[in-house]
Amino acid sequence: MTPNRILVAAGAAIAMQAGAAAADTVNVFNWSDYITDEVLEQFTAETGIAVNYDVYDSNDTLEARLLAGSSGFDVVVPTATFLQRQIAAGVYQPLNRDLLPNLDNMDPALMAAAANHDPGNEHAVIYMWGTTGIGYNIDAVAERLGEDFEVDTWDMIFDPEIAGQLADCGISWLDSPTDMFPAAFAWMGLDPQSTDAADFEAAAEMMKGVRDTVRYFHSSQYISDLANGETCVAVGWSGDVLQAADRAEEAGQGINVWYAIPREGAMQWFDMLGIPADAPNPEAAHAFINFIMKPEVAAAITNYVWFPNANAAAFELVDEDIRTDPAIYPTPEVTETLFTGVTYDSRTDRTVTRLWTSVRTGQ
Amino acid sequence: MSAGGNALTRSAPWRGTAWAMGKLGISGRMLVIAIPMLWLLVFFLAPFFVLGRISLAEAIIARPPYTPLFERGPDGTLTIIASLENYRFLLTDALYRNAYLSSIRIALVSTIFALLIGYPIAYYIARAPEPKRSILLLMVILPFWTSFLLRVYAWMGFLRNNGVINNTLISLGIIDSPIQMMQTDFAVYIGIVYTYLPFMILPLYANLTKLDGALLEAAGDLGASPVVTFFTVTLPLSLPGIVAGCMLVFIPAIGEYVIPALLGGPNTLMIGRVLWDEFFSSRDWPVAAAVAIVMLVLVVAPIMWLQSVQNRRGDG
């Protein structure tokens, strides 16, 4: 055999191996701390498809990978507002409903809300959802604002006087303009779905006025900081704050963390399961998504991550203390006050990022 | 004679190859140079041109998210779409200028502190007797065996409000309430100086060990005090080591992203972070590419200046 022949043969062998591997592997790219391992093991046991699982901690990271192309992932989990833009960029393939019989289990009202971002739910189904609210240290806040202070308000974040009293024990904000601007709008009495440049400027001006009270801007650090008492108030995502509460309780240091949905209005967001257009194994991806939509699987994930699923058939299977907890599953009255996010066009996006940088850095 | 004998025993195929290369005008010397040149071409120059090409495009919602360089019109004509708009944008918004200036300031201050701390250490190690010297050198290099990220995280444990430093000071009764050190520029300086200190010490050490002791003795014999000897003999002779150490600290510090992200606060403005925001949050790859190119130019300029300083010294 000449060297060239050997190379060709080796190449063919590698290609065949890659083909074989692709046939029974699904590559999943999901948020960190967002699933329980048992579910993945169960999926492999039932279908014979191995799961190659990788994680990220921001929509931006996921989007950069998807826009660069050939990400190699079969299933990804963007937030609906990001999904909408990615669909426009041609990132996703339409779902094949014949391969997803468990779609019948999904909550029609929630799927209709998600359809605002993905008309007809053609490209994605809801994985989990949640709200953007306030995580707080019960004792530290009561000590500074009094036992009677009602914490379900953005005043804790945006009112300079109230935030000023909390600043010494540490306030953190999400480093996410798409969460912070709508929250600021809600507190200012503006339309939280506004895309008006003047509104963004006004909100940025307002936030600059209180940024002295903010110790840092970060989207995951607050989980451990709330839990060990390093900070006492955090703008955060519902399930993450509740995981902080759980960790604080386990640590037994006498730190009590809880979550409040501000009465001025809070964002309800959806994380969506989608299949990239260039997914190496779309059949396995459909099998995975269909598996996640099984009621007992969705319930098992919710019981572990403390984010609600959108699976109507799973509700009764969720642990009672989780499904009756208004911080996780908001009451109908609170649900009335929630709003969904909007996807900004490129120009608004640039304005928002620029204004957010000026809020964050004071420049 | 023995060398000639070896040449005669070379195997025929090797001679054949050498002959063929000679015919093609390729010498062994050229091959040796070609490998690193090829490396630079593939891993430095080519990415740089890709970056430059993206910086001339415009951001769009697509995959990849920027306009193509060539567009074929309906009549088959090929138009090149390129504009310097992104560079103009960088000039008009004060944010970028402030970020560059702030990065240069942080890198400069860190470099000065690394030099002030690193020079005595390098001097001490270079002057130490042999077995001790190796151990000291090992202690400088040893931290590299742990992940850089873990070492920065360890600093978080020291600097936190209920971290080691504050808890110690409080239990000693020196302070009543914790001093806020995390999320400040102070923590960023600590992180950068700590991380890059070995890069300052090692070239200085290499330079100082070569220092001819006879020169110091001569200075002493001619009546110079140790202080005068240091400033008139040791310091000028160690300038190449200082320049090398400063470059090795300054250049990575200016583009540092991880340390300010982990230790810095909301007021810490560095170009690495601005670059991240443009790429990931604004999804504006062209502007991000322009920011990177400008940064590259900003970093290359001081290197060339330092290089010329060093060359002038070498000539003199």
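What counts, and where the lines are drawn
- Residues numbered from 1 in each chain as written.
- Chains lettered and ligands numbered in written order.
- Predicted model: local features only at pLDDT ≥ 70, side-chain atom pairs only at ≥ 80, totals over all residues.
- Heavy atoms only, no water.
- Contact = heavy atoms within 4.5 Å.
- Buried area = accessible area lost by both parts, 1.4 Å probe.
- Salt bridge = Lys/Arg side-chain N within 4 Å of Asp/Glu carboxyl O.
- Polar contact = N/O pair within 3.5 Å; in protein donor to acceptor, adjacent residues only side chain to side chain.
- Helix = DSSP H or I, 4+ residues; strand = E, 2+ residues; numbered from the N terminus.
- Nonpolar A, V, L, I, M, F, W, Y, C, P; charged D, E, K, R; others polar.
- Patch = residues over 30% accessible without salt bridge, like charges linked within 9 Å, V, L, I, M, F, W, Y side chains within 5 Å.
- Areas by Shrake-Rupley, 256 points an atom, 1.4 Å probe, with all protein chains shown as cover.
- Buried < 20%, exposed > 50% of the residue type's maximum accessible area, 1.4 Å probe, protein only.
- Domains from an automatic or database assignment.
- Core = buried A, V, L, I, M, F, W, Y, C linked by side-chain atoms within 4.5 Å.

(A) Seen up close, the interface of chain A and chain B. Counting from both sides, the interface comprises 34 residues of chain A and, opposite them, 30 residues of chain B. Of the roughly 2,900 Å² buried between chain A and chain B on both sides combined, carbon and sulfur atoms contribute 48%. The interface formed by chain A and chain B includes nine salt bridges. Linking Asp278(A) and Arg63(B) is a salt bridge whose minimum nitrogen-to-oxygen distance equals 3.4 Å. Seen at the junction of chain A and chain B, the total is 12 residue pairs in polar contact (both at pLDDT 80 or more). Mapped onto the side of chain A that touches chain B, the elements with two or more residues apiece are α3 (59-68), α4 (80-88), β6 (216-217), α11 (221-228) and α17 (346-361) of chain A. Residues that form the side of chain A that touches chain B fall into these classes: 12 nonpolar, 10 polar and 12 charged.

(B) Spatial organisation of a nonpolar patch on the surface. Residue and element names in this part refer to chain B. The grouping of Ile33, Met37, Leu38, Trp39, Leu40, Leu41, Val42, Phe43, Phe44, Leu45 and Phe49 at the surface amounts to a nonpolar patch, some 1,200 Å² of accessible area in total. By the element assignment, Leu40 lies in helix α3 (residues 28-55). Owing to a relative accessible area of 46%, Leu40 belongs among the partly exposed residues under this scheme.

(C) Inspection of the domain arrangement of chain A at higher detail. Residues and elements named next belong to chain A. By the assigned domains, chain A splits into domain 1 (3-129 + 270-329) and domain 2 (131-268 + 341-361). For domain 1 and domain 2, the distance between their C-alpha centroids amounts to 29 Å. If you look at the interface, domain 1 gives 17 residues, while domain 2 gives 19 residues. Per-residue buried area on domain 1 facing domain 2 is highest for Trp306, Phe307 and Ala327; these three make up 35% of the total on that side. Connecting domain 1 to domain 2 are one salt bridge. One salt bridge in this structure joins Asp349 and Arg85, with 3.5 Å as the shortest N-O distance. When residues in the side of domain 1 that touches domain 2 are grouped by element, the largest group, four residues, is from α4.

(D) Fine view of the nonpolar core. Residue and element names in this part refer to chain A. Residues Phe158, Trp173 and Met207 are the most contacted members of the largest nonpolar core, which totals 128 residues. Ranked by the residues each element gives to this core, the list is headed by strand β4 (residues 124-137), at eight residues. Excluding residues that lie within four positions of it along the chain, Trp173 makes contacts with Ile157, Phe158, Met180, Met207, Val210, Val214, Tyr216, Phe217, His218, Val235, Trp356 and Val359.

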